[in-house]
Amino acid sequence: MIKKLVVLSGAGISAESGVKTFRDSNGLWENHRIEDVASPEGFQRNPQMVLDFYNARRKQLQEVKPNEAHLLLAKLEEYFEVHIITQNVDDLHERGGSSRIIHLHGELKKARPIDSESETIVWENDLNLGDLNSKGVQLRPHIVWFGEMVPEMDQAVKIAETADIFLVIGTSMQVYPAASLIQFIPDHCEVFVIDPNLDQNFVAADHFLKTSATDGMRKLIEILLK
Ligand code: APR
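Now for a look at the structure at hand. Since the structure is predicted, the reported quantities are computational estimates derived from the model, not experimental observations.

### So, the packing of aromatic side chains
Here comes step 1: Using the criterion set out here, one finds three aromatic pairs in the structure.
Here comes step 2: Arranged with centres 6.2 Å apart and planes meeting at 35°, the rings of Tyr-54 and Trp-145 form a pair that is tilted. You can see Tyr-54 sitting in helix H4 (residues 47-60) and its partner Trp-145 sitting in the loop between strand E8 (139-143) and helix H7 (153-160), a full 91 residues away along the chain. Residues Tyr-54 and Trp-145 agree in their burial class; the two are buried.
Here comes step 3: Aromatic rings pair up to connect Phe-43, Phe-53, Tyr-54 and Trp-145 into one cluster.
Here comes step 4: A cation sits over an aromatic face here: Arg-57 above Phe-53, 4.8 Å from the ring centre.

### Observations concerning the sheet that holds strand E1 (residues 4-9)
Here comes step 1: What the six strands build is an open sheet, ordered E5-E4-E1-E9-E10-E11; its pairing is parallel. Two strands bound the open sheet, and with one partner strand each, they are strand E5 (101-103) and strand E11 (207-209). Looking at each pair of strands side by side, their axes are set apart by 15° on average, direction ignored.
Here comes step 2: Pairing of E1 with strand E4 (residues 81-86), which is carried by six bridges, proceeds in the parallel orientation. Directly across from Leu-8, in E4, lies its bridge partner Ile-85.

### Description of the environment of Phe-146
Here comes step 1: Locating Phe-146 in the fold gives a position in the loop between E8 and H7.
Here comes step 2: Sequence separation between Phe-146 and Ser-172 is 26 residues, and the spatial gap between their C-alpha atoms is 16 Å.
Here comes step 3: If near-sequence neighbours (up to four positions away) are discounted, Phe-146 is found in contact with Arg-23, Ile-34, Ala-38, Ser-39, Pro-40 and Val-175.

### Considerations on the site of the ligand
Here comes step 1: Around the ligand there are 22 residues in total, and Phe-22, Arg-23, Thr-171, Ser-172 and Asp-195 lie nearest to it.
Here comes step 2: At a separation of 2.6 Å, an oxygen atom of the ligand approaches a polar side-chain atom of Ser-172.
Here comes step 3: Here an oxygen atom of the ligand and a side-chain polar atom of Asn-197 are 2.9 Å apart.
Here comes step 4: Look at the ligand: alone it shows 730 Å² of surface, and the protein chains cover 92% of it.
Here comes step 5: Counting the residues that make up the shell around the ligand, at least three belong to each of domain 1 (1-19 + 66-105 + 150-226) and domain 2 (20-63 + 108-143).

Analysis parameters
- Residues take numbers from 1 onward in each chain, read along the sequence in its written order.
- Side-chain atom pairs in this predicted model are given and counted only at pLDDT of 80 or more, local residue features only at pLDDT of at least 70, and totals for whole chains, interfaces and linings cover all residues.
- Hydrogens and waters are ignored; side-chain quantities use all the structure's heavy atoms.
- Each aromatic pair joins two rings of Phe, Tyr and Trp (for Trp, the six-membered one) with centres within 6.5 Å, and gets the label stacked for planes under 30 degrees apart, edge-to-face for over 60, and tilted for any other angle.
- In this description a helix means any DSSP run of H or I spanning at least four residues, a strand means any run of E spanning at least two, and both kinds are numbered starting from the N terminus.
- When accessible area is computed with a 1.4 Å probe and restricted to protein chains, residues below 20% of their type maximum are described as buried, those above 50% as exposed, and intermediate ones as partly exposed.
- To sit over a ring, a charge needs its Lys NZ or Arg CZ within 6 Å of the ring centre and within 35 degrees of the ring normal.
- In short, DSSP must find at least two bridges between two strands for them to pair.
- Lines fitted to C-alpha atoms define the axes, with helix axes restricted to the stretch in contact, and inter-axis angles between N-to-C directions lie between 0 and 180 degrees.
- Contact definition: two residues touch when any of their heavy atoms are within 4.5 Å.
- Near residues are defined by distance, with any heavy atom within 4 Å of the molecule or strand qualifying the residue.
- In protein, a polar contact requires one atom able to donate a hydrogen and another able to accept it; more generally it is a pair of N or O atoms within 3.5 Å, and residues adjacent in sequence count only if both atoms are side-chain atoms.
- Surface accessibility in these figures is a Shrake-Rupley result with a 1.4 Å probe; residues are shielded only by whichever protein chains are displayed.
- Note that the domain bounds were set by an automatic or database domain assignment.

This is the structure in structure tokens:
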């Protein structure tokens, strides 16, 4: 019987691809306070600045590529039923070859009208004021901002509840409800954490690999496939 390996990933897995994390540079995300660019209030205050911020993030996707950690996660699909539950809005897990991916916090390459959280459309280029959907409603990035609902959480919990192995990789586990996912795993589930800085007792792990995502994934493969 093939085991289910569930992954909760965060910005740290994309760090070695050159994508900035949120909290490693004293709470600034690309020189912006997160609450100014990742909140409905910030969007209300200065919509074009927020749109420009995500336009820059989306454009950066064309310059970065999946790193070995993304690729090794895809390789594990040869041995396990792998489910990626990511807080990341980049498309590096997709481009790395993973096939089951839930984006808890949305996706840079999708847009949605400001009056709906479910009507998403693929959006690859810049998104600006005046870009409207077919009903004439202003579009916004399909990103879950602070204080907004996390529509995919229920599905993510159902998957975590049936995990045989749970991997936490590259997340500071400071943002909820995403960080609460580990509370839903079954008692028998084996927990691995890969993170160079996370405080050891912050997450109850069976195996704590205090190292980078790429080095940690190489070590994880050895442990899981021995
Ligand atoms: N390899 C692995 N982990 C790394 C690396 C690396 N090379 N570099 C940094 N990290 C770790 C840091 O130690 C930290 O624990 O990645 C984590 C990054 O944490 P955050 O910056 O808080 O990112 P994340 O946990 O994904 O943030 C969650 O917060 O801003 C919101 O919605 C946004 O999805 C985001 C959420």
